[in-house]
Amino acid sequence: MEQALYVRFQGTVRHSRGHFPGVFILANELAAQGKLTDEQYRFWRSNNDWYDANYTNPSTIDPDVYDPEVNPGAVAWFKSSAEGLIKRVDGYLELLAAHGVECRRLASSNPGRVIYEDENQIVVAPAGRPGA
């Protein structure tokens with residue numbers, strides 16, 4: 001059996017743009033809606049700050065990477081080798097579960113057409129979608 005090269009954590013309900021949002025989007029939405037407890041907010045803020053300091057936001061390199069007209073359905077996947085980044089996702093999953101937001105872990109060796117890549121992650125456009 002082939003080992004998965006990429007890992008993604010995402011919700012189980014499609015967003016209005018048609019994709020399944022990742023854990024960071026889901027947690028950010030809860031924070032923006034004021035639904036987090038003080039403790040959850042501190043966790044969310046400090047961990048978002050840690051991610052911002054330790055890995056590249058693909059949209060700072062390519063502002064169109066998540067543009068729904070240019071790359072419809074584009075989503076990010078961690079490289080399975082980015083263990084330090086993946087380990088911290090557990091806290092987000094716990095936060096989301098506390099608010100009844102279901103998430104799942106996906107693993108794949110070929111999640112779609114790669115439109116961005118760095119040492120820790122890729123962003124892909126799903127195969128079979130317009131522009132793919």
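On a predicted model such as this, the values are computed, not experimentally measured, just so you know.

Conventions used here
Residues numbered from 1 in each chain as written. Predicted model: local features only at pLDDT ≥ 70, side-chain atom pairs only at ≥ 80, totals over all residues. Heavy atoms only, no water. Pairing = 2+ DSSP bridges. Helix = DSSP H or I, 4+ residues; strand = E, 2+ residues; numbered from the N terminus. Axes fitted to C-alpha atoms, helices over the stretch in contact; angles between N-to-C directions. Phe/Tyr/Trp six-rings, centres within 6.5 Å; stacked < 30°, edge-to-face > 60°. Buried < 20%, exposed > 50% of the residue type's maximum accessible area, 1.4 Å probe, protein only. Parallel < 35°, antiparallel > 145°, perpendicular 65-115°, else oblique. Left-handed = near helix turned anticlockwise from the far one by under 90°. Contact = heavy atoms within 4.5 Å. Nonpolar A, V, L, I, M, F, W, Y, C, P; charged D, E, K, R; others polar. Polar contact = N/O pair within 3.5 Å; in protein donor to acceptor, adjacent residues only side chain to side chain.

(A) Just the sheet that holds strand S2 (residues 75-79), in detail. Spatial ordering of the open sheet is given by S3-S1-S2-S5-S4, a layout of 5 strands whose pairing is antiparallel. Sheet topology places strand S3 (103-108) and strand S4 (113-117) at the edges, where each strand pairs with a single neighbour. For this sheet, the mean inter-axis angle between neighbouring strands, taken without regard to orientation, is 35 degrees. Note that S4 and strand S5 (residues 121-125) share 4 bridges and pair antiparallel. Note that in S5 the partner of glutamate 117 across the bridge is isoleucine 122.

(B) Examining the packing of aromatic side chains more closely. One pass over the structure, following the stated rule, counts 9 aromatic pairs. Centre to centre, the rings of phenylalanine 24 and tyrosine 51 are 4.8 Å apart; their planes meet at 65 degrees, and the pair counts as edge-to-face. Placement of the pair is phenylalanine 24 in helix H1 (residues 23-32) and tyrosine 51 in helix H2 (residues 38-54), with a sequence separation of 27 residues. Judged on exposure class, the residue phenylalanine 24 and its partner tyrosine 51 are both buried. For the ring pair tyrosine 51 and tyrosine 55, a centre distance of 5.5 Å and an interplane angle of 85 degrees mean the geometry is edge-to-face.

(C) Here's a closer look at the packing of H1 against H2. Running from amino to carboxyl end, H1 crosses H2 at an angle of 140 degrees, the nearest separation of the two axes being 11 Å. What the angle tells us is that H1 and H2 run oblique. Crossing of H1 over H2 shows left-handed handedness. Every residue of H2 that contacts H1 at Phe24, Ala27, Asn28 and Ala31 is listed here: Trp44, Asn48 and Tyr51. Among the residues making up the contact of H1 with H2, the classes are represented as 5 nonpolar, 2 polar and no charged.

(D) Main features of the environment of proline 111. Positionally, proline 111 belongs in the loop between S3 and S4. Separated by 101 residues in sequence, proline 111 and glutamine 10 place their C-alpha atoms 13 Å apart. Apart from the residues lying within four places of it in its own chain, the contact partners of proline 111 are Tyr6, Trp77, Ile122 and Val124.

(E) Examining the environment of alanine 125 more closely. Here alanine 125 lies in strand S5. Judged by relative accessible area, alanine 125 falls into the buried class, the value being 2%. The sequence separation of alanine 125 and asparagine 28 amounts to 97 residues, and the corresponding C-alpha distance is 22 Å. When residues no more than four places from it in sequence are discounted, the contact partners of alanine 125 are Pro72, Ala74, Gly112, Arg113 and Ile115.

(F) Molecular detail of the side chain of asparagine 71. Structurally, asparagine 71 can be placed in the loop between helix H3 (58-61) and S2. Residue classification places asparagine 71 among the buried positions, given a relative accessible area of 8%. Of note is the side chain of asparagine 71, whose polar atom sits 3.1 Å from the backbone oxygen of aspartate 64. Beyond its immediate stretch of four places on either side in the chain, asparagine 71 contacts Asp64, Val65, Arg113 and Ile115.

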